[in-house]
Amino acid sequence: MQPRGSILGTRVQRVEDPQLLTRGGVYTDDLVDDALASAVHVSFVRSPIAHARITSIDLTALRAAPGFVAAFTAEDLALPGARPMLATIDERFTRPILAAGTVRYVGEPVAIVVTEGYYQAEDVGELVDIEYDPLPPVVDPLAAGRDEVLLFPDVGTNTVCEFLPEHRDEQLFENCEVVVSSEIVNQRVAPAPLETRAAAASWGSDDRLTMWLPNQGAQTSQRALAALLGLDISRLRIVTPDVGGAFGAKFGADPEHAAVAWVARELARPARWSEQRYDNMLAMTHGRAQLQTVTIGGDRDGKLRAYRLDVVQDCGAYPAIGALLPSLTRMMAPGTYRFERVESAARCVVTNTTPIGAYRGAGRPEATAAVERAVDLFAAEIGMDPADVRRRNLLPAFAEPQENGSGALYDSGDYPAALELALSAAGYDDLRREQAERRERGDVRLLGIGLASYVEITGGGDEAGAPSENALIEVHPDGTATILTGTSPHGQGHATAWAMLASDELGIPIELITVRHGDTDLVPEGGGTGGSRSLQQGGAAVQQAARELADIARLRAADMLEANPDDLRIDRDRAAITVAGSPHVAVTLAELAGVERLFVRTVFTAPGATFPFGAHVAVVEVDTETGRPTLLRLISVDDAGVVLNPLLADGQRHGGLAQGAAQALFEEMVYDDDGNPLTATFADYAFPSAAELPMFQLETMETPTTYNPLGAKGLGEAGTIGSTPAVQNAVIDAVAHLGVRHIDMPTTSRRIWEAIQTATTNAEGRL
Amino acid sequence: MIPAPFEYLRAHDVAHALDLLREHGDEAKLLAGGHSLLPMMKLRLARPTVLIDIAELADLDYVRVDGDTLAVGALATHARVGEAELVRAEAPLIAHSASLIGDPQVRHRGTIGGSLAHADPAADLPMAVLAAGATLVLEGPAGRREVDADDFFTGFFTTALEPDEILVEIRLPRRAGEPWGYEKFVRRSNDWAIVGVATVAGRVALANMGSAPLRAAETERALAAGAGIDAAAELAAENTDPVSDLHADPAYRRHLARVLVARALSSAPG
C-alpha cells in the first residue's frame, strides 16, 4: 500500500496523449530539420527469390531515370555486415548489409537506389536488372535440419547453434503412469507496427553522424550501428523521435539503417529512408517460429512428474536475436508447475525466410504455450478437468526466491491464487455447466473454456551484469523539472509514469515535469525499453534520483537556513524544504536551483530479473458446422507486483491480450514451398481489429517483489504470454469431446472444421 | 506500394467521361471511390497510364424509385446504399450487403458502381445484385443499354462492360417485405468473403465459389420444385469451381456453401 495522499497507484491520465492524438507526434518521416534539408531518399531493391545466386546486376538503365541520384551494390559498400549475436555461432553466418553473391530470402536487400524524391524510388528501382540463378530453397526448419540444402555451404550445416542439457535423461518418464507427447507449431508472426522502419541521417562538418531512428533505445542502436559501420560510438549521435509501435522488432540497428548512414556519407548529403508496408512485412524481423515437441508424464490421479520440451527454432536466413530466444524458452519451460524432472533442448536452424527477432514476449510465450498445451493434453488423456490438474501441480505460494529447475530464479509468486481468482472471475463452474448443456442438446455452437497459468521473466540483465538503469533529475529555478531516462517509450507511457514518481517524491506538479529520452548526446547510457524492464529499473532509478535530489536539497537548505539537516523535511505540498515544527521557515527547490544547479544522476541496480505471473481464462464459441471460432470472453489476472498507474497497466494488458489472442486465432506469416511469402499485405496477414475481440475482463492482483523499492515487475508482455495458450486451449476444449486433442495455431475455421472431420471419421472407424 | 506514373484527368459529366475514355482507350481506368483500383495500382498489379476521375459526377449519386424498380446511381457510396431509408425499405438485401463491406472508411469512399465494375468474385455487392435480379445500365458512345446482372459478370474481374462504357445505374426490383437472407463467412469483419450467400425471392447467389459471382441453380430449381431448405441447400455447390487459397480449399468451400445456403434460406428475415 502507498502512503495516504500519494499519487502512486492512481489512474493519472497520460500526459503524452494530447500531443499524440491531437497535435500530432513527430515521427521520423515527418521530421523537419535543417540538417535534413535537401536529403536524398534511400530505397532497397529486394530479392524476389528465396534462394539464388546473383549472376549479374546491371544498373545502367537507371542513370537516365528521373530523380536518379545513385545506386549501390554489395561491392560498393565494403561493410562487414551483422555478425551473429552469440560468440559460439560460426561467423560465416554473418548477415551482409546487401546480399553478396547469394540471396537467402524473399525481401533480402540486394541493391540500394537513391533518388531525389520519395515517389521516384520505386520507378527507378524497377530498372535495376538483376539476374538470378535459382538454388533449391529450404523453408521447413525440419528439412533445413537435415542439411540436404545448405544456405551456407562453406559452413556445411544449417544448424546455427544448439542448447542442450548436460546429459539427456533416458529415464525421464520412468515412473510415470501416463506419458503424452505432441508436436506443436508456434507459428511465425509479423510485428506489423503502425510505423514501419525509418531513418534519417546527416553527417556534420565534424564527420560525426546524427541519425534519427525510431527504436526501443537510442543507446543500444548507437552501439549496434557503430559495429555495423565500423565506427567508434563517439562518432554517432542517435535521436529517437516518436515511435509508432515496436513490439521487440525495433531494437538495435538493422542492415538498412547502416546502409542509410553509409549513403549519407558516401554522397555527402543527408539521407532518409521510410520503409513501405510491403517491404516491412518481408524484411522487418518476424517473431516466434518454433517447432516444439512436448512430452509430459504423470499419474492417473493428476500428479505431474516429468516434462520434456524439444525446440527447433527457425532463425530465418540469418541468425539474429531469434537464435538466442530458445534459451529463454528453455529457462521458462516448466512454467508455474512443480515437476520432479524437467529437460529441454533447442536447435536453431537457418531457412530461406525472413530472419527471426524478438516479438512481444520473445521466447517466454513459446515456453508458456508449450507447457500449457502439454498440461491440457495430459488432462484430456486422464479425463480430468484441466483446472484440477493445474490445482494439483502448481508451485505453492512463495515469498523467497526459488529455483525452477530449469535455470531461472523465481523471485516471488502465488500461482494458485492467480488461478483461483481467474477461475472465479470467469464463473468457471457455470461455464462448464453451460458447455455440458450445449453438448447435450446438440447445439451447433459449442462452448470451449481454456486456461493458462503463466510465469515469465522480465528485466533480466545482459552479459555486462546485473540489470540496471540510470536517471537524471534536474529542478530548474522556474520550478519546473526535467527527467532524463535511459529507457525509451514507444507507447507505454513513460512520460506520465516517470513524472508521477518524481512528483511523488519532490512535490513538483506532474505538468511541470518534462521527461526526455532517446538522444545519445543527452543520455549517453541506457538500456532502452524491452523485456518489460522500464518501470522496475528505469522507474526505480527515477525514484532513487528524486530521493537523492531531496537529500542534496536538504543539505543545501541546511546551509541556507542555518539548520541541522536532520531537522529538515521535504514539504510535498510546496516543493520546498522546511524545518520540522516550523513550516514557515522554508526554501523551495526552485529557489535552491536558482543558487546553484540542482540535479542528480543516479544508477539503480536490481539484484536480478523479476518473474511476473498470472492466469488467463478464455471462452470461445465454436460453430461445428463451419468450424468458425468466436472469442467471447478473455479474463486475465496479471500480477506484476505493485502497480504504479492502473490506467497505464490496463493499456499494456489490453494490447498484450489482443496480440496474444491474435496469435491463437488469426495471425500467421505463411510461405509456400518455394519460399514465397503469401501474407505480405494487410489483406492477407490477418491481424484482428476491435470488431473481432471482446472487451477483456481484467482482475487485479499485486504480489510485490523485493528487487526494487517500487515492488514492481514487468507487465508489457504479460498479456501476450498467457492469452495465446488460453485461447488455443479454449478452441480445442470446445471440440475435445469429439476426440480432438490438438489444433495448431492460428486455429482458423478451416483447421477446426478439418479437426472435427478427422475426429468424427476416426470415431466412426472405431465403431 | 507507390503506383507507377499515371496521368490524372477529372471528368465534369458522363459525356465528358465518355469522351475521355474514347480518347485514351484501354490505357485508361475510371476512378470512383478507388478502394479496389488504388490498392492494385500501389502493388503495381494494375498500371493504367490514365486515370479518369468520375467521383464528382453528382448526377450519378442518387437513390430513387422509378416505377416498380429502385434506381441507384453508380456513384452512390456503400454508406449511402447501406443507410438510405429507401434502399433499406425497397431492397433490404442490397442495403445489408453494402453495410458489410470493408470498414467505415471504405464504405464512405467506395461506390456501388465501382464495386460491380471491379467484379471481385469474393465481394458483397456483385453477389447481392445477382440475387436481387438487378439490371445494370451501361452508357457508351452509342447511348445506353441494359444488361441483366446474370449476364454482367463474365469471369474473374471481368464484366460485360466495353472499354468505352460506363456503368451508370443499378436498377433493382422493389422487394419491400419479401424475405431475404445473407451469409458472409469471413475471418475478420473487414475481409472479403471466404464464401458468401445472398438470397431473395427464390434466387440464391454465391460469392467466391468460382471466377465470378454465380447462382446456385440447382438449389433454386429444387426450391421451385418444392424441396425443403436442407435438401435444396445440399445442392448449393453443384457445378461450382471454387478456388483454393490460404483460407479454404475447394472441398471446404463447397461444404461452407451448403451450410451457409441453408442458413440464409432459414434466416430469411421478413
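For every chain, the first residue of the written sequence is number 1, and numbering continues from 1 along that sequence. Both sets of labels track the order of writing: A upward for chains, 1 upward for ligands. Where local features are concerned, this predicted model is filtered to residues with pLDDT of at least 70; where side-chain atom pairs are given and counted, the filter is 80 or more; whole-chain, interface and lining totals use all residues.

1. Things to note about the pairing of strand 11 (residues 180-185) of chain B
Residue and element names in this part refer to chain B.
Okay, step 1: Three classes are used. A residue is buried when 20 or more other C-beta atoms lie within 10 Å of its own, exposed when 12 or fewer do, and partly exposed in between, with C-beta atoms placed from the backbone. Each helix corresponds to a stretch of at least 4 residues labelled H or I by DSSP, and each strand to a stretch of at least 2 residues labelled E; elements are numbered beginning at the N terminus. A large share of strand 11 lies buried, amounting to six of its six residues.
Okay, step 2: Neither face of strand 11 is exposed, since Trp 180, Tyr 182 and Lys 184 on one face and Gly 181, Glu 183 and Phe 185 on the opposite face are all buried.
Okay, step 3: Pairing between two strands is assigned when DSSP locates at least 2 bridges connecting them. Here strand 11 runs beside strand 12 (residues 195-200); their pairing, made up of six bridges, is antiparallel. Opposite Trp 180, over in strand 12, you have Val 200 as the bridge partner.

2. Quick look at the domain arrangement of chain B
All names here are of chain B.
Okay, step 1: Along its sequence, chain B is carved into domain 1 (7-53), domain 2 (58-173) and domain 3 (180-267).
Okay, step 2: Segment limits for the domains were obtained from an automatic or database-derived domain assignment. Placing the centre of domain 2 and that of domain 3 at their C-alpha centroids yields a distance of 21 Å.
Okay, step 3: Elements with a contribution of two residues or more to the side of domain 2 that touches domain 3: helix 5 (92-99), helix 8 (124-132) and strand 8 (153-155).
Okay, step 4: Take the side of domain 2 that touches domain 3: its biggest share by element is seven residues, from helix 8.

3. Structural notes on the nonpolar core
Here is a general trend for soluble globular proteins: nonpolar side chains tend to be buried in one another's company.
Okay, step 1: Counting residues in hydrophobic clusters, the biggest one holds 328 residues, and the most contacted among them are Ile 112 and Ala 502 of chain A together with Ile 94 and Val 261 of chain B.
Okay, step 2: Every residue in contact with Ala 502 of chain A, bar those within four places of it in the chain, is listed here: Ile 473, Ala 481, Ile 483, Ile 508, Ile 513, Val 542 and Ala 546 of chain A. Residues of type Ala, Val, Leu, Ile, Met, Phe, Trp, Tyr and Cys that are buried and joined through C-beta atoms within 7 Å form what is called a nonpolar core. By the convention adopted here, residues are in contact when the distance between their C-beta atoms, placed from the backbone, does not exceed 7 Å.

4. Observations regarding the domain arrangement of chain A
Residues and elements named next belong to chain A.
Okay, step 1: Segmentation of chain A into domains returns domain 1 (17-23 + 461-605), domain 2 (31-135 + 192-283), domain 3 (137-191 + 285-393) and domain 4 (409-455 + 612-767).
Okay, step 2: Taken together, the contact pairs 24 residues of domain 2 with 28 residues of domain 3.
Okay, step 3: Under the grouping applied here, Gly and all other residues not named as nonpolar or charged are polar, the nonpolar ones being Ala, Val, Leu, Ile, Met, Phe, Trp, Tyr, Cys and Pro and the charged ones Asp, Glu, Lys and Arg. Partitioning the side of domain 2 that touches domain 3 into residue classes produces 15 nonpolar, four polar and five charged.

5. Regarding the packing of helix 5 of chain B against helix 8 of chain B
Residues and elements named next belong to chain B.
Okay, step 1: Look at helix 5 against helix 8: their axes get within 9 Å of each other, and the N-to-C directions meet at 175°. The orientation of helix 5 with respect to helix 8, classified from their angle, is roughly antiparallel. Contacts between helix 5 and helix 8 pair Leu 93, Ile 94, Ser 97 and Ala 98 from the former with Asp 124, Leu 125, Ala 128, Val 129, Ala 131 and Ala 132 from the latter. Axes here refer to lines fitted to C-alpha atoms; in helices the fit is confined to the stretch in contact. Angles between the N-to-C directions go from 0 to 180 degrees. We call two directions roughly parallel when the angle between them is under 35 degrees, roughly antiparallel when it is over 145, roughly perpendicular when it lies between 65 and 115, and oblique otherwise.

6. Examining the sheet that holds strand 3 (residues 50-53) of chain B
Residue and element names in this part refer to chain B.
Okay, step 1: Read from one edge to the other, the open sheet built from three strands follows the order 1-3-2, with strand pairing classed as parallel. The open sheet is flanked by strand 1 (7-10) and strand 2 (28-31), the only strands paired with a single partner. When strand polarity is set aside, the average angle formed by the axes of neighbouring strands in this sheet is 25°.
Okay, step 2: As paired strands, strand 1 and strand 3 are joined by four bridges and run parallel to one another. Each residue of the ladder has a partner; that of Arg 10, found in strand 3, is Asp 53.
Okay, step 3: Most of the contacts of helix 1 (residues 14-24) go to strand 3, to which it runs at about 170°, and overall it touches strand 1, strand 2 and strand 3.

7. Focus: the sheet that holds strand 28 (residues 697-699) of chain A
All names here are of chain A.
Okay, step 1: Reading across the sheet, the four strands line up as 18-26-27-28 and stay open at both edges, with mixed pairing between neighbours. The sheet is open, and its two edges are formed by strand 18 (445-455) and strand 28, each paired on a single side. Within this sheet the neighbouring strands show an average axis-to-axis angle of 15°, counted without direction.
Okay, step 2: Both strand 26 (residues 613-623) and strand 27 (residues 629-639) contribute to a ladder of ten bridges, which runs antiparallel. Paired with Gly 614 across the two strands is Asp 638, which belongs to strand 27.

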